[in-house]
Each structure stands twice: as structure tokens, then as C-alpha cells.
2 protein chains.
Amino acid sequence: MPDERTSHHALPPDIPLGGLISMIHRMHGISMNTRAILPGQFPFILTLSKRPGITQDDLAAHFSIDKGTVARAVRRMEENGLLTRTPDPENRRRFRLFLTEEGEALVPKILAADREWEDALLSGLSGEERGEVLATIRMLAERSHDIARSREEGDDAGI
Amino acid sequence: MPDERTSHHALPPDIPLGGLISMIHRMHGISMNTRAILPGQFPFILTLSKRPGITQDDLAAHFSIDKGTVARAVRRMEENGLLTRTPDPENRRRFRLFLTEEGEALVPKILAADREWEDALLSGLSGEERGEVLATIRMLAERSHDIARSREEGDDAGI
């Protein structure tokens, strides 16, 4: 472990795990921003690329954020020509979202910037150490899903 | 490692590290929400508790989010009696934020909910394994800070 790097920003010892995760999340956003990839937009673009035609409401549910925030981000991306909003034929008050060609062209750039960030984050670690870090984070992601779902179902005994 | 738990929500194998971190961050917010602790508010409350009198602009910079989002959250918390906005005597257009007694009373509740989440997330792990998980996340948090700062300074060679 390259100690001289991790010592640059020594964190207070009492930050809870949730706070550390939130910090990494924010720092990831800042780092993407320096690659001209807007933190408020790239998660939506990746999701729209995987699920073309998703509704605004489903997008809000997917990210567990409020509908107003999604509406503002969608409007900005529409103004920037990255996506189109199409009324759902079955329900005209519901909008389906599709990336434009310009929006789709951002996907490989976002993925490359993400890989670059990950390489910087794990630099100096051996292949085995990287594998361990990724396995730990995947385990936490899966468990955090289980906990959130279990609580939403009101089944706290299951945790 | 309790495999029967992690298998509840098997994630696709190709999610980048940044995406996994973002997912844990969101699931943490959902879990806090089920404890009647609003995901959009508790990080602000904890920060205000540690830095009473912080300005709205500094709060936005601290969380790397836009000023409009902070302004909306602050207005909502003010309406709910959790904080006060006081004009800065040195610059009347700048507002300093302070928790009310009611806001301060939420701090131990937030910390308890955070500890409860962390316990659920790491349940079934030995003390040593928990220590390793926390050390890994702290290492990533510190490195992610270094990367973001280095990029903001335009010093990519340093990574």
C-alpha cells in the first residue's frame, strides 16, 4: 500500500461507513467533472443507454431521488440535445426518454473516464489486491440492496 | 461470508467501481429514509452540527453540489424548524446557517441510524473482517480525495 499517497488527505478517524461512501461518491463526481462529464448527468445517460424508453418516474425510482430533481436534469439534458422526451401512447401524461445520437455518443466517453478513475484509485495495488477491493465493494453493494429492500418491505427481522 | 444473503441481489458483473459506490450511497439513503431520516437532509445536519455558522456557499462546496439544490434543501429545513439562516454581518448577502435545538436533537438519532445500518451491512463478519472492510473503504475515500484535488489543480501527472 503506497502510504505516501494515502497520507495526502488524512481523514478524521470517526467518519461512519456511510459518510465515507458518500465522500467517495462525491469525489468520483468531481473527478468525472474534470473530464467534462457532468456528475448530474452521466448516471442518467448510462441508465438511458441500458434502458431506452424508461419513464421519468422509473428513472427517479431507479436512483431513489425525487421527481423534481429528475425533471430538472432531464430538461437540461433535453436542452443540450442529449435526449428526447416522447409522450407514452398508452398514457399521454407519461414521458418516455430516449438518448439522441449525441447522447449515445457520450456513453463510451463516460465509460472510459470511469475506467481511468478506477485505475487511478487502485494504482499501485497488485492484481490480487484490486480483485479483493472490488469483491469487497460488490459485497457491500449487494448487502446494501438487501437491507434497503428488506426495510422497505418492513421486514427488519430479516436483517 | 454468508453467501445466502449476498445472493439475494446478484448484481450484473460489469458495473464499474464508481457505479457500485453510487449504488451503496443510494441504498444507504433509502435505509436512512426508512428510519424517518431524510436522505436529502441528514448529511447537511451532520455538517452543520460540526461547523455551525457555515455559509450556504461553503455547504455547496463541501458537498460538491450546485447552489440551487442546497438552497432548496436549506429552505425546507428552515421551514421544518431545523435550522436558522442569519445574514453575515460582514456581507449581508451571505447567510450563515445554524441548527436549531430541534435540529441538534436529530444528530444522535442520525448517528444511531448510521451505526445500525453499518451493523446490518457488516453482519456475520468477524471483527477482523470488519476492520479490513473499513480500512479498504477509508483507503478509497482518501485516494478519491487525492485524485479529485489533484485533477482540480490540473496536476494529472501526480496521480
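Here the structure is a predicted model, which means the values were calculated and not measured.

Cut-offs used in this document
The residue numbering used here restarts from 1 in each chain and proceeds along that chain's sequence as written. Just so you know, chain letters begin at A and ligand numbers begin at 1, following the order they were written in. A pLDDT threshold of at least 70 governs which residues receive local features in this predicted model, and a stricter bar of 80 or more applies before side-chain atom pairs are shown or counted, although totals over entire chains, interfaces and linings include all residues. The side-chain numbers reported here are obtained from all heavy atoms of the structure, hydrogens and water having been left aside. Numbered from the N terminus, helices here are DSSP runs of H or I no shorter than four residues, and strands are runs of E no shorter than two. One fewer than the residue count of a helix, multiplied by 1.5 Å, yields its expected span. Classification of residues uses two cut-offs on accessible area relative to the type maximum, computed with a 1.4 Å probe and protein chains only: under 20% is buried, over 50% is exposed, and between them is partly exposed. Our superposition of the copies is a least-squares fit, built on the C-alpha atoms of residues whose pLDDT is at least 70 in both. A contact between two residues is defined here by any heavy atoms of the two lying within 4.5 Å. Patch definition: residues above 30% relative accessible area lacking any salt bridge, with like charges linked at up to 9 Å and the nonpolar side chains Val, Leu, Ile, Met, Phe, Trp and Tyr linked at up to 5 Å. The accessible surface values rely on the Shrake-Rupley method and a 1.4 Å probe; as for residues, cover is taken only from the protein chains in view. The term salt bridge refers to a pairing of a side-chain nitrogen on Lys or Arg with a carboxyl oxygen on Asp or Glu at a separation within 4 Å. Just so you know, the count uses Lys and Arg for positive and Asp and Glu for negative, and it drops His and the chain ends. Taken as the charge centre is NZ of Lys, CZ of Arg, CG of Asp or CD of Glu, depending on the residue. Comment: axis = line fitted to C-alpha atoms, over the contacting stretch for helices; angle = value between 0 and 180 degrees taken between N-to-C directions. By convention the crossing between two helices is left-handed if the near helix lies anticlockwise of the far one by an angle smaller than a right angle, and right-handed if it lies clockwise. Ten residue types, Ala, Val, Leu, Ile, Met, Phe, Trp, Tyr, Cys and Pro, are classed as nonpolar, four, Asp, Glu, Lys and Arg, as charged, and the remainder, Gly among them, as polar. A pair of strands is considered paired only if DSSP assigns at least 2 bridges between the two. A 1.4 Å probe defines the accessible area here, and the buried area is the portion of it lost by two parts on being joined, summed over both. In predicted models, pLDDT denotes the confidence assigned by the predictor to each residue on a 0 to 100 scale.

Observations concerning helix α6 (residues 101–121) of chain B
Thinking step 1. For α6 of chain B, with 21 residues, the first-to-last C-alpha span of 31 Å sits near the 30 Å given by 1.5 Å per residue.
Thinking step 2. If you check which residues of α6 of chain B are buried, you get G103, V107, I110, A113, D114, W117, E118, A120 and L121 of chain B.

A short note on the relation of the copies chain B and chain A
The operation relating the pair of chain copies consists of a rotation about an axis and a translation along that axis.
Thinking step 1. It takes a turn of 180° to lay chain B on chain A, together with a shift of 0.0 Å along the axis; the resulting RMSD is 0.0 Å. Between the two chains, the operation in question is that of a two-fold axis.
Thinking step 2. Comparing contact sets, 100% of the residues at the interface of chain B also lie at the interface in chain A, consistent with an isologous, same-surface contact.

A short note on a negative patch on the surface
Thinking step 1. On the surface, E128 and E132 of chain A together with E128 and E132 of chain B cluster together to form a negatively charged patch.
Thinking step 2. Of all elements in the fold, only α7 (127–152) of chain A together with α7 (127–152) of chain B reach the threshold of two or more residues within the negative patch.
Thinking step 3. Within the fold, E128 of chain B resides in helix α7.
Thinking step 4. Since its relative accessible area comes to 62%, E128 of chain B is described here as exposed.

What to know about the environment of G29 of chain B
Thinking step 1. For G29 of chain B, the location among the structural elements is in helix α2 (residues 17–33).
Thinking step 2. Taking the C-alpha atoms as reference, G29 of chain B lies 10 Å from W117 of chain B; in sequence the two are 88 residues apart.

Looking at the packing of helix α4 (residues 56–63) of chain A against helix α5 (residues 67–79) of chain A
All names here are of chain A.
Thinking step 1. With their axes 9 Å apart at the nearest point, α4 and α5 run at an angle of 115° to one another. Crossing hand, α4 versus α5: right-handed. Counted together, Q56, D57, L59 and A60 of α4 and K67, V70, A71 and V74 of α5 form the full contact between these two elements.
Thinking step 2. Of the residues belonging to the contact of α4 with α5, the class tally is five nonpolar, one polar and two charged.

Digging into the pairing of strand β1 (residues 83–88) of chain B
All names here are of chain B.
Thinking step 1. One ladder, built from six bridges, connects β1 with strand β2 (residues 91–99); its direction is antiparallel. Residue pairing across strands places D88 opposite N91, the latter belonging to β2.
Thinking step 2. The antiparallel hairpin formed by β1 and β2 contains two residues in its connecting segment.

Considering the environment of E153 of chain B
Thinking step 1. If you trace the backbone, E153 of chain B turns up in the segment after α7.
Thinking step 2. Residues E153 of chain B and E102 of chain B, 51 residues apart in the sequence, show an inter-C-alpha distance of 40 Å.

Things to note about the side chain of E118 of chain A
Thinking step 1. Take E118 of chain A: it is sitting in helix α6 (residues 101–121).
Thinking step 2. Here E118 of chain A is buried and forms no salt bridge, its nearest opposite-charge partner R130 of chain A lying at an N-O distance of 6.6 Å.
Thinking step 3. Each residue touching E118 of chain A, except ones within four places of it in the same chain, is listed here: L134 of chain A together with P16 and L17 of chain B.

Topic: the interface of chain B and chain A
Thinking step 1. Listed by partner, the interface residues are 60 residues for chain B and 60 residues for chain A.
Thinking step 2. The junction of chain B with chain A conceals about 6500 Å² of combined surface from both sides, 64% of it contributed by carbon and sulfur atoms.
Thinking step 3. Of all residues in chain B, L17, R143 and R151 of chain B bury the most surface against chain A, accounting for 12% of the area lost on that side.
Thinking step 4. For the pair chain B and chain A, the number of links is two salt bridges.
Thinking step 5. For R151 of chain A, the salt bridge identified is with E116 of chain B, shortest N-O distance 3.7 Å.
Thinking step 6. Looking at side-chain class alone, the side of chain B that touches chain A contains 30 nonpolar, 15 polar and 15 charged residues.

Here we look at the confidence of the model for chain A
Residues and elements named next belong to chain A.
Thinking step 1. Mean pLDDT for chain A: 87, with 91% of residues reaching 70 or above.
Thinking step 2. Of all the helices and strands in chain A, helix α1 (residues 3–6) carries the lowest mean pLDDT, 44, while α6 carries the highest, 95.
Thinking step 3. This prediction of the complex comes with two scores: 0.83 for pTM and 0.83 for ipTM.

Quick word on the pattern of salt bridges
Thinking step 1. According to the stated counting rule, one finds 16 salt bridges over all chains in the structure shown.
Thinking step 2. In this structure, R94 of chain B engages D88 of chain B in a salt bridge whose closest nitrogen and oxygen atoms are separated by 2.9 Å.
Thinking step 3. Exposure remark for R94 of chain B: the relative accessible area of 31% places this residue in the partly exposed category.
Thinking step 4. Among the ionic pairs, D88 of chain B bridges to R96 of chain B, the shortest N-O distance being 3.1 Å.
Thinking step 5. Accessibility expressed as a relative area gives 2% for D88 of chain B, which makes it buried.
Thinking step 6. Judged by relative accessible area, R96 of chain B falls into the partly exposed class, the value being 30%.
Thinking step 7. Through salt bridges with shared partners, one network takes in R35 and E116 of chain A together with R151 of chain B.

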